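# Structural overview for review
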Amino acid sequence: MSELLSRRSLLTAGGAAAALMSLSGCGAVQALRPAAGGKNTLVVHSQFNGAVAGADVFRAVVEQYRTSTGRQVATLSNGSDLPIVFETSVLAGKEADITIVNMVGKTLAWTAEDATIPVENLLAEWGLADRIEPGAIQEWTTGDGHLRAFPYTRTNWPVAFNTRLLEQAGVEVPLTSQDLIEAADALRGKGIGPVTIGGGDWSGQKLFIQIIQSFLTADEAERVFATGVFSESPGALAGIQHFADLRDAGVFVDSAQGFTSDSMLTQYNTGQAAIMSSMSSALAKVPAERAAETTIGGWPVPPGAVSTKPTVIQSFNGMGVWISENGAGKLDLVEPFVRWLFSDEVVSQFITRSGRDMSAVTDVTSTDFPLVAQAQALAAGDTVDPVILPDLLIPEAVFEPLTQATAQAFGPGTGPDQIVDVLEASYKNA
Amino acid sequence: MRFPRISGILAWGYALLLVIPFYYLVISSFKQNDDIFTHPLNLPSTWDPGNYGEAIGSADLVPAVANSVIVTGLALLLTLLLAVPAAFALSRSTGRAGRVVEATFSLGFLIPTFAALFPTFLLAAFTGLFHTRTFLVFLLPATAMPLAVVILTQFMRTIPRELEEAASMDGASTLTILRHVHLPICVPGIATVVLLCFLSFWNEYLYSLIIIGPDPAQRTIQVALPTLQLTTGTDYGVLMAGTVFTLIPVFAVYALTQRQMQRALVSGAVKG
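- Chain B carries the name Carbohydrate ABC transporter permease in an unreviewed UniProt entry, which gives Kineosporia corallincola as its organism.
- The UniProt entry for chain B carries the following comment under Sequence similarities (unreviewed entry): "Belongs to the binding-protein-dependent transport system permease family."
- Quoted verbatim from the Subcellular location (unreviewed entry) field of the UniProt record, the comment on chain B reads "Cell membrane".

- Chain A is annotated in an unreviewed UniProt entry as Carbohydrate ABC transporter substrate-binding protein from Kineosporia corallincola.

### Topic: the overall build of chain B
- Looking only at helices and strands, chain B features 13 helices and zero strands.
- Taken from N to C terminus, the helices and strands of chain B fall in the order α-α-α-α-α-α-α-α-α-α-α-α-α.
- Its C-alpha atoms give chain B principal-axis dimensions of about 70 × 65 × 30 Å.
- A buried classification covers 46% of the 272 residues belonging to chain B.
- Of the contacts formed within chain B by residues at least 6 apart in sequence, a portion of 74% connects residues at least 24 apart.
- With an accessible surface of roughly 13900 Å², chain B has 71% of that area assigned to carbon and sulfur atoms.
- If the 14 positive side-chain charges of chain B are averaged to one point and the 13 negative ones to another, these points end up 15 Å apart.

### Some words on a negative patch on the surface
- A cluster of like negative charges, contributed by A:Glu172, A:Asp179, A:Glu182 and A:Asp185, occupies part of the molecular surface.
- Of note, A:Glu182 is situated in helix α7 (residues 177-189).

### Considerations on the interface of chain B and chain A
- With 42 residues of chain B at the interface, the matching set in chain A holds 46 residues.
- The contact between chain B and chain A buries some 3700 Å² in all, and 64% of this surface belongs to carbon and sulfur atoms.
- Of all residues in chain B, B:Pro214, B:Thr232 and B:Leu256 give up the largest surface area on contact with chain A, accounting jointly for 15% of the area buried on that side.
- Counting across the chain B and chain A interface gives zero salt bridges.
- Linking chain B with chain A are nine residue pairs in polar contact (both at pLDDT 80 or more).
- For the side of chain B that touches chain A, the secondary-structure elements that each account for two or more residues are α2 (33-38), α4 (61-92), α6 (113-127), α11 (206-212) and α13 (236-271) of chain B.
- Here the element with the most residues in the side of chain B that touches chain A is α4(B); it accounts for seven residues.
- In terms of residue class, the side of chain B that touches chain A is built from 21 nonpolar, 15 polar and six charged.

### Describing the side chain of B:Gln222
Residues and elements named next belong to chain B.
- Here Gln222 is to be found in helix α12 (residues 221-224).
- Looking at Gln222, the relative accessible area reads 18%, which means it is buried.
- Reaching out from Gln222, the side chain makes a polar contact with the backbone oxygen of Trp202 at a distance of 3.1 Å.
- At 3.4 Å, the side chain of Gln222 and the side chain of Asn203 are in polar contact.
- Excluding residues within four positions of it along the chain, Gln222 makes contact with Trp202, Asn203, Glu204 and Tyr205.

### Quick notes on the UniProt feature "domain: ABC transmembrane type-1" (unreviewed entry) in chain B
- As recorded in UniProt, the sites labelled "domain: ABC transmembrane type-1" (unreviewed entry) are residues 65-257 of chain B.
- Between the C-alpha atoms that bound residues 65-257 of chain B the distance is 20 Å, and the span itself is 78% helix and 0% strand.

### Describing the UniProt feature "transmembrane region" (unreviewed entry) in chain B
Residues and elements named next belong to chain B.
- Mapped onto this numbering, the UniProt entry annotates "transmembrane region" (unreviewed entry) at residues 9-27, 69-91, 103-129, 135-156, 177-202 and 236-256.
- Secondary structure across residues 9-27 divides into 100% helix and 0% strand, with the first and last C-alpha atoms of the span separated by 26 Å.
- The span residues 103-129 is 74% helix and 0% strand, and its two end C-alpha atoms sit 31 Å from each other.

### Considerations on the sheet that holds strand β10 (residues 311-315) of chain A
Residues and elements named next belong to chain A.
- Strand order across the open sheet formed by three strands is β5-β10-β12, with mixed pairing between neighbours. Single-partner strands in this sheet number two, and they are β5 (155-157) and β12 (385-387). With direction set aside, neighbouring strand axes in the sheet form an average angle of 30°.
- Two elements, β10 and β12, share three bridges in a ladder whose sense is parallel. Across the sheet, Ile313 pairs through a bridge with Val387, a residue of β12.
- Packing against the sheet, helix α8 (residues 202-213) makes contact with β5, β10 and β12, and its axis sits at approximately 120° to β10.

### What to know about the pairing of β10(A)
Residues and elements named next belong to chain A.
- The element β10 is extensively covered by neighbouring structure, given that four of its five residues are classed as buried.
- Both β5 and β10 contribute to a ladder of three bridges, which runs antiparallel. Across the sheet, the residue bridging to Trp157 is Ile313, located in β10.

### Thoughts on a nonpolar patch on the surface
Residue and element names in this part refer to chain B.
- A cluster of nonpolar side chains, Leu16, Val19, Ile20, Tyr23, Leu41, Leu43 and Trp47, forms an exposed patch at the surface whose accessible area comes to about 680 Å².
- As for its position among the elements, Ile20 is in helix α1 (residues 2-28).
- We classify Ile20 as partly exposed; its relative accessible area is 38%.

Definitions and cut-offs
- Residues numbered from 1 in each chain as written.
- Chains lettered and ligands numbered in written order.
- Predicted model: local features only at pLDDT ≥ 70, side-chain atom pairs only at ≥ 80, totals over all residues.
- Heavy atoms only, no water.
- UniProt positions renumbered as here; feature names shortened; annotations may be inferred.
- Helix = DSSP H or I, 4+ residues; strand = E, 2+ residues; numbered from the N terminus.
- Buried < 20%, exposed > 50% of the residue type's maximum accessible area, 1.4 Å probe, protein only.
- Contact = heavy atoms within 4.5 Å.
- Areas by Shrake-Rupley, 256 points an atom, 1.4 Å probe, with all protein chains shown as cover.
- Lys, Arg positive; Asp, Glu negative; His and termini not counted.
- Charge placed at Lys NZ, Arg CZ, Asp CG, Glu CD.
- Patch = residues over 30% accessible without salt bridge, like charges linked within 9 Å, V, L, I, M, F, W, Y side chains within 5 Å.
- Salt bridge = Lys/Arg side-chain N within 4 Å of Asp/Glu carboxyl O.
- Buried area = accessible area lost by both parts, 1.4 Å probe.
- Polar contact = N/O pair within 3.5 Å; in protein donor to acceptor, adjacent residues only side chain to side chain.
- Nonpolar A, V, L, I, M, F, W, Y, C, P; charged D, E, K, R; others polar.
- Pairing = 2+ DSSP bridges.
- Axes fitted to C-alpha atoms, helices over the stretch in contact; angles between N-to-C directions.

Set out below in structure tokens:
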């Protein structure tokens, strides 16, 4: 009897699978039809998908474009694995016409390897030269003068302070390292975590780099992060010493070296910690109740630093609109779509509905994402010093080892000399 | 008497260890990040299925599950169509050639997944099947044949030759013997192969990512699910909901086949 039942069950399962397959085969399941290619369809491969901020806006604007123009647009998507999928597609000659992806790691080589075309000539021809921030154009231009892609989203990386918790501890928003150490002490006295950070992942790496940049000129910072030679830079050594002093003074939450960016956000959002250094896209995820008691500022100034004001990481290194070799053959389809993406209407939708920071010139701010708007205003003012996001300078192979090295730096008991050793080893061994 | 009691406690403790992660996965799928991190093992305050709607909608999980079912189902069917006759022939073979062929199948275990990736990519591009589900339907059985043939061959060897001879004397052809004598007896072995291959095909990521590509209408669940994970602020409730959603077919197949698989294991123990 049991055998009969099992056989029947297997037949049922097989029948269900076959029914589903036949449904898809005869076209009844519309969603399973492959995206159309061909010369009349624009194929767009993007990272605007899944749970990424702006994914729903991107879907909507593509649909608006389809409806208003009657043109065909096929959308393909990947997350962080987009670069490898795009590269294999290029090898097979089946890459999308446009890809919307970050400029980091693998993508840095695309223009030189002819996987994508340089777009500096198209910039003026398509009327986009005045639509994109000059700083973004500069950051996206290669050493030999080629614009890799049209910069689209950007990154702004201020510090969030919970004023209610600071007030509870009897301190104000810290502007100097001494203020910060005193604030950390007072916060700990009230059982509140001071600076929360994902010491074990990229967020810790970025804060570490931000802190030591207080002691580096822009040129020295570029040299240090490109070469990984920290021990020969007086500024880098002073910055690392200062980082260790802050850590030993208890500025960071306990066990910071074991946390991630997600635990950082949670500690801040639940009021367990009062301060965090955060990307603007993460600031968009701070709940309204916590946002109402948050003020945005920069990282406090250390004594004897090159920076004279609190620092904020600013970068135009977000997603860009790249044109592939296939796309170069369909510029008549690519141009109107790219111009649509940079239109006031679309840029405004990304800002107001998803809280994205954009590289397009705009004066639109979002009321639904007040912390992002505060961060934009801070970056545009003169109360903070911008420091670089060295992702373009750090060799791709070093990224992961460098994160492991900075995780060690967040661990108690790791002296400045040891930190220098592990940082340099991460470059040498990569 | 003490030993059975201690072993019983240990067994229940071990079972609890296996259940806790599943419990954590399910309850987290109804929570927000703050609740997951601050009260990881507490029940959710409300059983709001909103995370499921968010996961299914933003990662296009319905077509992704359908694609996984299509690819896995067809690949399983092809695996059985190829492996069962091969195993039948090898189990009945007494010559040297049979041993060489069987050993050749076993050599398939030695090929690392990564080593085969680039040649496979070239093959897909050459055949014009790059960025299609079809190529994967043909590829996956090739990767599963060593395991399927080895298991089924050993299973079929346990079937007495007298049954086959009696059927032959009644005029049964080779195909009839396979269909009416071997297959009914081999159902536990086939269920074992189906379960193992199903898990392998369903969970396959690398080849699905590269070969099927970025089209949401074609990609499988293992490629769609990671789009819910972000470098800045993953919503773990949504990610857990997506994971639970994609596990449902796995549990369904396991429930259908596990009894036959247990029977296969037990029959092996008795025969041994």
